[in-house]
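# Summary of the model geometry
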Amino acid sequence: MPILETTIAGSLPKPAWLAKPLSLWAPWQLPDDRLDEGKRDATLAALKAQEAAGIDIVTDGEQSRQHFVHGFLVKVDGVDFEHKKRIGIRADRYEADCPTVIGPVRRRASVHREEARFARAHTTRKLKFTLPGPMTIVDTLADEHYRDRVKLAFAFAEALNEEARELEAAGVDVIQFDEPAFNVYMDHVRDWGIEALHRAAQGLTCKTAVHICYGYGIKANADWKLTLGSEWRQYELTFPHLARSRIDQISLECARSRVPISLIGLLEGKDVLAGAIDVASEIVETPEEVAATIREALKHVKPERLFPCTNCGMVPLPREVAYGKLKALAAGAALVRRELGR
Ligand code: ZN
C-alpha cells in the first residue's frame, strides 16, 4: 500500500497568455474562438508540471474555470450572471461581485465532463477533480428566489451530484468538494452542511474528499487570520462530525498556520490531506520544512492515510513560485518516505 501520496488542493496559476496573472476572478486573455484550445493547452502544462515535480494525485489545475465557485455556476439555470451583485461573503470577511439566483437551480448541461476526459487522456497518474461544495456555493451567491440557504444548498447538491457522477464515469479517481465556508459557519456544518455534502456525493464509488481551509493567500484572509487568536480551533467543531460522515478524505491547512496539528486526531478512520505548503507566502518551502510538517502530522495519522497537500489553491501565486512549491512538496514527502524505509 502506498504511503504519503502527494496531491494539491486544486488550482494552479494560469499562463499569462490565458488569464491575467496574480489575481482571483482573472479575466481571460484569449478571444472566445481560441479560448477552449487555450484552456486545454494550459491543462496539459499543469498536468505535466505536477508529474515532473513528482505529485502523485494530480488535478487539471483548474485551468478551465475563472473561479472555483462561479466556474461551476456558468451552466446552471436559475443563476443570473448578467446582473452581478456586490455582497459580503464568508460572514462579510470580504466583498465580491456575485451572480444572483433568480429561479429554480438546474444543471443545464455538463460543466466539466470534457475537461475531465481531456485530463484523464493525458495523465496516467491518479486524477482528482474539484467542485465547490453546496454551502460554499450558497455563500458566494446572491439569492432572490429561494430565500432559504438550506433549500438552495440542497438544490445545488442535486446538481453537483449529477455532475460528480459524470466526472466519475470520465475516469476521475477522487472528487473533492471545496468547502472553505465550513471554517466560517461551524454550526451549519453540523446542522445541514454535511448532509448537503452527502447529497452531492450520493452514489459515488470513487474516493470523495472535502477541502476546508482558511482561504487563498489574499489580504482579506490574512487580515481575518490575525483576528483568530493564537490557536485556530475551527476544525475542532467540525471534525468530529466529519469523522462520522461518509466522505472519505478531509483536506486541511497545517503549514505555517496556527491550527494545532493534533486536531487531525479527531479524524479517526479518514484519509487526511494535510496542507504542508503555505499558499499565502511566495517563499518556497524547503523539502525539510515540508518533511517537518509531515512528521508532525504522522503523530496523529498513519502514513497510509496521510496525503501531503497544499493548504489551499495556488491560483493567485506567481507561476514559478507555485511550481517550486510543487517540487518542495514532493521532495519533502520523499524525504519522510525514505526515513520510514518505504
Ligand atoms: Zn482552500
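Structure's up top.
Residues numbered from 1 in each chain as written. Predicted model: local features only at pLDDT ≥ 70, side-chain atom pairs only at ≥ 80, totals over all residues.

A few words now on the overall build of the protein chain. If you tally the helices and strands in the protein chain, you get ten helices and ten strands. Expressed as a percentage of its 342 residues, the buried residues of the protein chain come to 48%. At a minimum sequence separation of 6, the contacts of the protein chain that also span at least 24 residues come to 78%. (Helix = DSSP H or I, 4+ residues; strand = E, 2+ residues; numbered from the N terminus. Buried ≥ 20, exposed ≤ 12 C-beta atoms within 10 Å, placed from the backbone. Contact = placed C-beta atoms within 7 Å.)

In contact at an axis separation of 9 Å, helix α6 (residues 186-201) and helix α8 (residues 234-243) are set at 20° when each is read in the N-to-C sense. Relative to α8, α6 is oriented roughly parallel. By crossing handedness, the relation of α6 to α8 is classed as right-handed. Facing α6, whose interface residues are M186, V189, R190 and I194, α8 presents Q234, L237, T238, H241 and L242. Classifying every residue of the contact of α6 with α8 by side-chain character gives five nonpolar, three polar and one charged. (Axes fitted to C-alpha atoms, helices over the stretch in contact; angles between N-to-C directions. Parallel < 35°, antiparallel > 145°, perpendicular 65-115°, else oblique. Left-handed = near helix turned anticlockwise from the far one by under 90°. Nonpolar A, V, L, I, M, F, W, Y, C, P; charged D, E, K, R; others polar.)

Turning our eyes to something else, we now look at the nonpolar core. Core analysis: the biggest nonpolar cluster contains 101 residues, and F156, V172, V272, A274, A276, I294 and L329 have the highest contact counts within it. Looking at this core element by element, the count peaks at nine residues for helix α5 (residues 149-169). Those residues in contact with V172, other than ones at most four positions away along the chain, are A116, R120, L127, F129, L167 and C206. (Core = buried A, V, L, I, M, F, W, Y, C linked by C-beta atoms within 7 Å.)

Turning our attention to unusual backbone geometry. A positive phi angle, close to 50°, is found at L4, a residue other than glycine. The class of L4 is buried, set by 25 C-beta atoms lying within 10 Å. A positive phi angle, near 50°, is found at W25, a position not held by glycine. Looking at the secondary structure, you find W25 in the segment before α1 (32-53). Since 12 C-beta atoms lie within 10 Å of it, W25 is described here as exposed.

Right, let's talk about the sheet that holds strand β1 (residues 57-58) for a bit. Strand order across the open sheet formed by seven strands is β1-β4-β6-β7-β8-β9-β10, with parallel pairing between neighbours. Since the sheet does not close on itself, it has two edges, and those belong to β1 and β10 (306-310), each with one partner. In this sheet, strand β8 (residues 249-253) lies alongside strand β7 (residues 207-211) in parallel orientation, the contact comprising three bridges. Bridge pairing in β8 places A209 opposite Q249. Contacts from α5 reach β4 (126-132) and β6 (174-178) within the one sheet, and its direction differs from that of β4 by about 170°. Sitting on the sheet, helix α9 (residues 287-297) touches β9 (271-277) and β10, and the angle it makes with β9 is about 150°. (Pairing = 2+ DSSP bridges.)

One open sheet holds the three strands; their spatial order is β2-β3-β5, and the pairing between them is mixed. A strand with exactly one partner marks an edge of an open sheet, and here the two such strands are β2 (76-89) and β5 (142-143). Relative to β5, strand β3 (residues 94-107) is paired through two bridges, and the arrangement is parallel. Residue pairing for β5: V101 is matched across the bridge by D143. Taken strand by strand, α5 contacts β2, β3 and β5, and its axis lies near 75° from that of β3.

Moving on to the environment of F154. Mapped onto the elements of the fold, F154 is located in helix α5. Once the C-alpha coordinates of F154 and G193 are considered, the two residues, 39 residues apart in sequence, prove to be 9.4 Å apart. Those residues in contact with F154, other than ones at most four positions away along the chain, are A196 and R199.

So, on to the packing of α1 against helix α10 (residues 319-339). Interhelical geometry of α1 versus α10 gives an angle of 35° and a closest axis separation of 8 Å. Where α1 crosses over α10, the handedness of that crossing is right-handed. Across the interface between the two elements, A49, Q50 and A53 from α1 touch Y323, L326, K327 and A330 from α10. In terms of residue class, the contact of α1 with α10 is built from five nonpolar, one polar and one charged.

Attention shifts here to α9. For α9, the full list of buried residues reads V290, A291, T293, I294 and A297. All buried residues of α9 project into a common sector of 160° when viewed along the axis, lining one side. (Arc of directions from axis to C-beta.)

Time to look at the environment of S281. Here S281 lies in the loop between β9 and α9. Sequence separation between S281 and R256 is 25 residues; the distance between their C-alpha atoms is 9.5 Å. Beyond its immediate sequence surroundings of up to four residues, S281 is in contact with G217 and R256.

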